[in-house]
Amino acid sequence: RAGETQTRSLIYFMSLFTLSGGTLLTLAPMCRVTELCMADNSEKTSLLLTALQQGHRYMAPETRSEYNSFMLYIHNTKIGVELPGFGHMTFSFIISKGVTLASAIPILLTMFIDSATS
């Protein structure tokens, strides 16, 4: 009976871990949208970089003023996907949550095994 309970606990644990990891992976496309909006790495394409490239063109004074207002807005506003309860979706967010999940594995596994043997 103890082996059956231990197996059931392990199945519950693995199901929970798979569901949590899968949830983090489904957030990856949302992080990509945020990256397309705000990436400032010259090797990537983003709204921010595209707008910066247009700043080198000649513009009438009124147009330049509007452009500068737009650039100020982009620099001071987080643009991208934001989910209630999660916040701004970035790849660093997914990595940090994945590390937290991975560091909890030994603790949770110990709890499940202890509860199964008790």
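Predicted, not measured: the structure shown is a model, and the values here were computed from it.

Criteria and thresholds
- The written sequence of each chain sets the order in which its residues are numbered from 1.
- pLDDT decides what is reported in this predicted model: residues at 70 or higher carry local features, side-chain atom pairs at 80 or more are listed and counted, and totals for whole chains, interfaces and linings draw on all residues regardless.
- Excluding hydrogens and water, the side-chain figures rest on all heavy atoms present in the structure.
- Here a helix means four or more residues in a row that DSSP labels H or I, a strand means two or more in a row labelled E, and each is numbered from the N terminus.
- It is over C-alpha atoms that the radius of gyration is taken, and the globule rule equals 2.2 Å times the number of residues to the power 0.38.
- When a residue's accessible area, from a 1.4 Å probe over protein chains only, is under 20% of the maximum for its type it is buried; when over 50% it is exposed; and in between it is partly exposed.
- We define a salt bridge as a side-chain nitrogen of Lys or Arg found within 4 Å of a carboxyl oxygen belonging to Asp or Glu.
- Lines fitted to the C-alpha atoms define the axes, with helices restricted to the stretch that makes contact. Angles between their N-to-C directions range from 0 to 180 degrees.
- An angle below 35 degrees is treated as roughly parallel, one above 145 as roughly antiparallel, one from 65 to 115 as roughly perpendicular, and anything else as oblique.
- Left-handed describes a crossing whose near helix is turned anticlockwise from the far helix through less than a right angle; right-handed describes the clockwise counterpart.
- The contact rule is simple, with two residues in contact once any of their heavy atoms fall within 4.5 Å.
- When residues are sorted by character, Ala, Val, Leu, Ile, Met, Phe, Trp, Tyr, Cys and Pro go into the nonpolar class, Asp, Glu, Lys and Arg into the charged class, and all the rest, Gly among them, into the polar class.

(A) Up close: the overall build of the protein chain. For the protein chain, the count of helices and strands is five helices and two strands. The C-alpha atoms of the protein chain give a radius of gyration of 23 Å, which is well past the 13 Å a tight globule of 118 residues would have. For the protein chain, the C-alpha atoms occupy an extent of roughly 80 × 25 × 15 Å along the three principal directions. Taken over 118 residues, the protein chain has a buried fraction of 21%.

(B) Structural detail: the pattern of salt bridges. As enumerated under the stated definition, the model contains one salt bridge in all. For glutamate 35, the salt bridge identified is with arginine 32, shortest N-O distance 2.5 Å. One end of the pair, glutamate 35, and the other, arginine 32, are both in helix α2 (residues 28-38), three residues apart, so they sit about a helical turn from each other. Looking at glutamate 35, the relative accessible area reads 17%, which means it is buried.

(C) The arrangement of the packing of helix α3 (residues 47-54) against helix α4 (residues 61-76) in detail. Contact pair α3 / α4: the axes reach a minimum separation of 11 Å and the direction vectors enclose 155°. Here α3 is positioned roughly antiparallel relative to α4, judged by the angle of their axes. As α3 packs across α4, the resulting crossing turns out to be left-handed. Counting all contacts with α3, which are made through Leu47, Leu48, Ala51, Leu52 and Gln54, the residues of α4 involved are Tyr67, Phe70, Met71, Ile74 and His75. In terms of residue class, the contact of α3 with α4 is made up of eight nonpolar, two polar and no charged.

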